[in-house]
Amino acid sequence: LVILLFQHSFSLFYLFIPFIVLLIILITASFYVNSQFFIKTICRIPAEKKEIILSFDDGPDPVITPMILGVLKKYNVTAVFFCIGKKAALQPDLVAEIKNNGHLIGNHSYSHAKWFDFLSPARMAEDIKRADNVLTKITGNKVIYFRPPYGVTNFAVKKALKNFKYLNIGWSLRSFDTITTSKEKTLDKLKKQLKAGYIVLFHDNIAITPSILEEFIGYLHVNGFKIASLDTYYK
Ligand SMILES: [Zn+2]
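Below you will find a few notes about this structure. Values in this document were obtained by computation on a predicted structure and should not be read as measured data.

## Some remarks on the packing of helix α7 (residues 183–193) against helix α8 (residues 209–222)
Part 1 of the reasoning: At a closest axis distance of 10 Å, the pairing of α7 and α8 adopts a crossing angle of 35 degrees. α7 and α8 meet at a crossing whose hand is right-handed. Contacts between α7 and α8 involve Lys183, Thr186, Leu187, Leu190 and Lys191 on the former and, on the latter, Ser211, Ile212, Glu215, Phe216 and Tyr219.

Here it is as structure tokens:
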């Protein structure tokens with residue numbers, strides 16, 4: 001009996017291995033925006049020209065977004081802003097200003113809720129559509145870009161996005177500006193990791209970001225990197 005039990009539990013253990021492996025794959029794929037597992041995402045542009053893309057998430061913010069716009073204007077460069085619908089609804093003038101400064105505007109969901117990735121596909125689609133309506137109404141343009149909140153994708157996101165014809169935009173380099181305490185360390189890391197064709201992720205609701213951005217753009221200019229507009233490659 002002991003031998004049988006041993007063999008039984010032993011085989012049960014092996015039975016669990018594929019499920020555990022599958023679970024690990026699914027969880028890992030969920031958290032990597034460029035895994036291409038659930039949805040097709042654009043995570044970089046062609047690298048032939050030593051160009052990069054600047055992208056900003058989680059705005060518009062009444063204080064930080066105008067500062068970011070100021071830095072971009074100073075250097076005469078454009079970026080793509082993935083706006084949160086409920087914030088955009090509160091600041092339509094700021095969204096209009098982003099657009100009028102020549103930047104692109106993408107959908108980053110309406111709620112950007114912590115539990116977004118646990119919503120049903122129908123609720124998720126509703127949330128995305130709500131943001132789409134807000135942004136379309138303010139800008140008068142069709143929204144063509146989407147970036148999933150937190151960069152998390154799963155089967156529900158995949159199903160929800162079937163209702164739209166978005167170009168899903170990921171990133172190739174995260175500034176981690178949301179958690180940094182040191183501008184120098186962040187810049188060092190960005191400079192070390194940056195390659196031609198990269199889409200760089202910043203946030204236009206973080207106090208340290210405008211100063212990081214200013215130095216980063218200076219570095220790009222000195223080192224021959226050009227800042228491209230995403231719609232040059234994807235529209
Ligand atoms: Zn976000």
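## A few points about the nonpolar core
Part 1 of the reasoning: If you look at the biggest cluster of nonpolar residues, it comprises 49 residues, and the most contacted ones within it are Leu54, Leu72 and Phe216.
Part 2 of the reasoning: No other element matches the six residues that helix α5 (residues 121–139) contributes to this core.
Part 3 of the reasoning: Once residues within four sequence positions are removed from consideration, leucine 72 is found in contact with Leu54, Phe56, Val77, Ala79, Phe81, His103, Leu213 and Ile217.
Part 4 of the reasoning: With 14 residues, the next largest nonpolar core counts Ile45, Ile53, Leu104 and Trp171 among its residues.

## Looking at the coordination of the zinc ion
Part 1 of the reasoning: Protein coordination at the zinc ion comes from Asp58 (OD), His108 (NE2) and His112 (NE2), with a distance range of 2.1 Å.
Part 2 of the reasoning: Read N to C, the donor residues that coordinate the zinc ion are spaced as D-x49-H-x3-H. In this structure, histidine 108 and histidine 112 share a single accessibility class: buried.

## Description of α8
In an α-helix there are 3.6 residues to a turn, and that puts residues three or four apart on one side.
Part 1 of the reasoning: Over its 14 residues, α8 runs 20 Å from end to end, which matches the ideal 20 Å to within 8%, given 1.5 Å per residue.
Part 2 of the reasoning: Those residues of α8 that fall on the buried side of the exposure criterion are Thr209, Pro210, Ile212, Leu213, Phe216, Ile217 and Leu220. Down the axis of α8, the buried set is contained in an arc of 150 degrees. They therefore lie on one face.
Part 3 of the reasoning: Summarising the contacts, the buried residues of α8 are in contact with β1 (51–57), α2 (64–74), α7, β7 (199–203) and β8 (226–227).

Conventions and cut-offs
Residues numbered from 1 in each chain as written. Predicted model: local features only at pLDDT ≥ 70, side-chain atom pairs only at ≥ 80, totals over all residues. Heavy atoms only, no water. Axes fitted to C-alpha atoms, helices over the stretch in contact; angles between N-to-C directions. Helix = DSSP H or I, 4+ residues; strand = E, 2+ residues; numbered from the N terminus. Left-handed = near helix turned anticlockwise from the far one by under 90°. Contact = heavy atoms within 4.5 Å. Core = buried A, V, L, I, M, F, W, Y, C linked by side-chain atoms within 4.5 Å. Buried < 20%, exposed > 50% of the residue type's maximum accessible area, 1.4 Å probe, protein only. Donors = N, O, S within 2.8 Å, 3.2 Å for Na, K, Ca; no water. Expected span 1.5 Å × (residues − 1). Arc of directions from axis to C-beta.

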